[in-house]
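Spelled out, the chains give:
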Amino acid sequence: MLPSGVFVLQGDEALVPMLPAHFEKEVDFQRLLSRFPSLLVGDQIDPENPRRFILVKPELSIGHEQETVRWSLDHLFLDQDGVPTLVEVKRQTDSRLRREVVGQMLDYASNFQSFWSADRISSTFEATCREAGTESDVVLAEFLGTEVTSEWFWTAVDTNIRAGKLRLLFVADHIPSELRRIVEFLNEQMSPAEVLALELRQFAGQGLRTIVPVVFGQTREAVGRKEAVKGSRWTEERIMTAFGDKFPPEVCSVAAAVMDWMRGTGLPIVFGTGRENGSAYPLLKPQGVAINPAYLSTEGKIWLQFKSLEGKPVFGEMDRRRELLRRFAEIEGTDLKETSLSGWAAVPLARVAADVNGPAKLISALDWMVEQVKDTP
C-alpha cells in the first residue's frame, strides 16, 4: 500500500512513495544537524525575518570546571542576531522525551548565563572551526554578510546572554502531543526566552531520503508577546531618550558629548538593535576590515572590546591595545587593568562625569583611537 502524503516525483513519469523511517542512532541525528543547520528551518521560527544558524559546538558542557556533575548540551547554535540557541536532540523511542527532557533543558538555560559569556563562546567557536580545518573569521564573515561586523555580533551575543534572551529548541523525529503542549505553554509564558520544538520526520524509498521539518510552539499568543519585545535598530534620539530616563543630567551630558564626537568624526554611525539597551559606534574599516574598539551603550557605559581586536589591523598587536587601554585608564576610577586586554571592559559614564577632566580625557582617548585608524595605510 502506498503511504499517504509524501512522494518524490522523478521526471514526469515515476512517482516514488516515501515510507516513514527512523534515525537508527541518536548520534546520526546529531551529526545531521551539525552539518546542516538549515534543518532548523529559520523561516518557520520567524517568517518575517528568517533565522539563520551557525554552529558553535556540539556536545557543549555547561557547568563549572571544578564540579563533578556537569551537563552536556547536544548543540549550541547562534542566529544572525547573536541569540544563543540551545538544542537538545532525542529520538521518539527515547522514553525521556517528555517531562525529563524539559527539566533537563530548563537546567541548561538557567545555568547558561552563569557559566557562559560571549568571550567563551567566541573561543569555543574558534576551536570548533580549527577542528573542522576552517578559519573562524572566514566562516563568521560568510554567515554575517557585509551588513554587520563580527564585533557587533559578539557584542549582541553578550547582550543577549545578560538579558536572558535564549532560544530553547527540542528536536526529535516525532514530537508527542504532551511535549507540544508543554512547549506551547512555556513559550507563551517565558520572555525574552523562546521555547520551541522541531519535528524532523524522515521518509525513505528507493535509495532516497526526505526530511520534513515542522516547528511547534508558535501559538498566536506566544508570537504576539515576542513581537511586542522584538528589538529594532536604535537611533540617536532613542539613545538620548533612554539616557534621560535612566541617568542623572551629568551622565546624559557625557553621553551627548560622545554622540557629538561621533558625528564630528565624519564616519558612518552604526546603531545596534538590542531590545533593552541601545548602542552606537563609528564605523572603522582599516585596510577594509571593520573593527569596533569602543561603543556607547545605554547601560551608561563605554564598552571596550579588546578581545575582538586580536589579529585585526591597527590594534592587533598587544602594545597598541595596551596604549589604547592606558588612555582610557587616565579617567579616574575606571579600574581598567592589564587583564582587560584579553577580553571586554567598560568605562562607566558616571566615573567620567565624576572626574573634573573626565569628559575631555574620554574624547581625547576616542580621538586617538580614530587617528590611529586614519593613519593606517
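Heads up: the structure comes first, above all this text.
The sections below set out a description of the structure shown in this document. (Residues numbered from 1 in each chain as written. Predicted model: local features only at pLDDT ≥ 70, side-chain atom pairs only at ≥ 80, totals over all residues. Heavy atoms only, no water.)

Digging into the nonpolar core
Part 1: Counting residues in each nonpolar core, the largest one holds 45 residues, and the members touching the most others are Phe112, Ile121, Phe153 and Phe170.
Part 2: Examining the composition of this core, we find that seven residues originate from one element, helix α3 (residues 99-115), more than from any other.
Part 3: The contacts of Ile121, once residues within four sequence positions are left out, are Val56, Leu76, Leu78, Phe112, Trp116, Trp154, Val157 and Ile161.
Part 4: Among the nonpolar cores identified, the runner-up in size contains 41 residues, and Met259, Ala294, Leu304 and Phe306 belong to it. (Core = buried A, V, L, I, M, F, W, Y, C linked by side-chain atoms within 4.5 Å. Buried < 20%, exposed > 50% of the residue type's maximum accessible area, 1.4 Å probe, protein only. Helix = DSSP H or I, 4+ residues; strand = E, 2+ residues; numbered from the N terminus. Contact = heavy atoms within 4.5 Å.)

Topic: the sheet that holds strand β13 (residues 301-304)
Part 1: Reading across from one edge, β10-β11-β12-β13-β14 is the order of the five strands in this open sheet, with antiparallel pairing throughout. Where the open sheet ends on each side, the last strands, each with one partner, are β10 (269-271) and β14 (345-348). Adjacent strand axes in the sheet meet at a mean angle of 25° when their direction is disregarded.
Part 2: Pairing between β10 and strand β11 (residues 279-282): three bridges, direction antiparallel. (Pairing = 2+ DSSP bridges. Axes fitted to C-alpha atoms, helices over the stretch in contact; angles between N-to-C directions.)

Structural notes on empty space enclosed by the protein
With a probe scaled to a water molecule rolled over the atoms, the places where space remains empty come into view.
Part 1: For the structure shown, the criterion picks out one cavity of 30 Å³ or more.
Part 2: A volume near 40 Å³ is recorded for the largest cavity.
Part 3: As for the largest cavity, its lining consists of Val258, Trp261, Met262, Ala280, Tyr281, Pro282, Ala294, Tyr295, Leu296, Ile302, Leu366 and Met369.
Part 4: When residues of the lining of the largest cavity are traced back to their parent elements, those giving at least two are α10 (249-265), β11, β12 (294-297) and α13 (358-374).
Part 5: When grouped by side-chain class, the residues that make up the lining of the largest cavity number 12 nonpolar, no polar and no charged. (1 Å grid on protein atoms, 1.4 Å probe; cavity = no way out; pocket = protein on both sides within 12 Å on 5 of 7 lines; lining within 4 Å. Points joined across faces, edges and corners; volume = space filled by probe spheres on them. Nonpolar A, V, L, I, M, F, W, Y, C, P; charged D, E, K, R; others polar.)

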